[in-house]
Amino acid sequence: MSFQIHAMSQDAVSHAQSVRSGDPAPMEITVDASPGYPCRVSLEDAQIGERVTLFHHCHLPANSPFRASHAIYVRHGAEEAKLAPGEVPDMLRSRMISLRAFDEASMMRDATLVEGKSLETALTDVFTDPEIAFVHLHFAAPGCFAAHVSRV
């Protein structure tokens, strides 16, 4: 069973950056360390001196107890990464990843921590369960959303 890691689209970023009542305003930041500012559109780490926007993003807006949001970074002018099925970007390979697997009702059915270099195996294994509809990847230490993964 294969998987597909999806970057956020610029349309999704534009929608997410529109401030809703109660959401904090987006912040503009100049990158001062790399790695450290992972872009959810390019799926690459921003480089020192680049500008990124930090904003609140609801990555699991479902009507579920697992509804979730967190802060994320997006590089200015980032082009959306188009990964091949089964491809894992270096940005994910180089970090400890929290893998959270959900069913069609957005109920969490599995969760594990995995070193990024073992992400292909972990994703392939989790999708052997036919009840798993999608997976969310999070950077384990800060807990922020990294990417959405679907079954291929």
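By convention here, each chain's residues receive numbers from 1 onward along its written sequence. At least 70 in pLDDT is required for a residue's local features to be given in this predicted model, at least 80 for side-chain atom pairs to be given and counted, and no such filter applies to totals for whole chains, interfaces and linings, which use all residues. To obtain the side-chain values, all non-hydrogen atoms of the structure were used and water was disregarded.

Explanation requested: the sheet that holds strand β3 (residues 51–60) in the structure shown.
The strands making up a sheet associate through backbone hydrogen bonding, with each pair oriented either parallel or antiparallel. A pair of strands counts as paired when DSSP detects no fewer than two bridges linking them. Secondary structure elements are defined from DSSP: runs of H or I of at least 4 residues count as helices, runs of E of at least 2 residues count as strands, and each element is numbered from the N terminus. Taken in spatial order, the three strands make up an open sheet running β2-β3-β4, and their pairing is antiparallel. The open sheet has two edge strands with one neighbour each: β2 (27–30) and β4 (68–75). Taking the axes of each pair of neighbouring strands and ignoring which way they run, one obtains an average angle of 40° across the sheet. Alignment of β3 against β4, held across seven bridges, turns out to be antiparallel. Here, axes are lines fitted to C-alpha atoms. For helices the fit covers the stretch in contact, and angles between N-to-C directions go from 0 to 180 degrees.

Would you take a moment to explain unusual backbone geometry for this structure?
In terms of backbone geometry, most residues other than glycine have negative phi values and most peptide bonds are trans. Backbone torsion omega between Ser 34 and Pro 35 reads 5°, so that peptide bond is classified as cis. Relative to the helices and strands, Pro 35 resides in the loop between β2 and β3. If you check the backbone angles, Leu 43 has positive phi at about 55° while not being a glycine. By the element assignment, Leu 43 lies in the loop between β2 and β3. You can call Leu 43 buried: its relative accessible area is 3%. Phi at Ser 106 takes a positive value of approximately 60°, unusual for a residue other than glycine. Inspection of the secondary structure puts Ser 106 in the loop between β5 (96–102) and β6 (108–115). Per-residue accessibility, obtained with a 1.4 Å probe over protein chains only, is compared with the maximum for each type, and a residue is labelled buried under 20%, exposed over 50%, and partly exposed between these values.

When you look at the packing of aromatic side chains in this model, what are you seeing that I'm missing?
For any pair of aromatic rings, the description rests on two quantities: the centre-to-centre distance and the angle between the ring planes. Only centres within 6.5 Å qualify two rings of Phe, Tyr or Trp (six-membered ring in Trp) as a pair; their planes then separate them into stacked at under 30 degrees, edge-to-face at over 60, and tilted for everything else. This structure, assessed with the given rule, holds three aromatic pairs. On the numbers, 4.9 Å between centres and 65° between planes, the contact of Tyr 37 with Tyr 73 is edge-to-face. Of the two residues, Tyr 37 sits in the loop between β2 and β3 while Tyr 73 sits in strand β4, which places them 36 residues apart along the sequence. Looking at Tyr 37, the relative accessible area reads 12%, which means it is buried.

Could you clarify how one ought to interpret the pairing of β6 in this entry?
On any regular strand, side chains alternate: one points to one face of the sheet, the next to the other face. Here seven bridges tie β5 to β6, and the two strands are oriented antiparallel to one another. Its bridge partner lying in β6, Phe 102 is registered against Met 108. Remark: five residues form the turn of the hairpin made by β5 and β6, two consecutive strands paired antiparallel; Ser 106 in that turn has positive phi of roughly 60°.

Even after reading the chapter, I still don't get the sheet that holds strand β7 (residues 134–139), so can you show me in this structure?
Reading across the sheet, the five strands line up as β1-β8-β7-β5-β6 and stay open at both edges, with antiparallel pairing between neighbours. Two strands close off the open sheet at either side, each with one partner strand: β1 (3–6) and β6. Ignoring which end each strand starts from, the neighbouring axes of this sheet average 25° apart. Alignment of β5 against β7, held across six bridges, turns out to be antiparallel. Residue Phe 102 lies in a different strand from β7, and its bridge partner there is Phe 134. Residues count as neighbours in contact if any of their non-hydrogen atoms are within 4.5 Å of one another. Across the sheet, helix α3 (residues 119–126) touches β1, β5, β6, β7 and β8 (145–151), and the angle it forms with β5 is around 10°.

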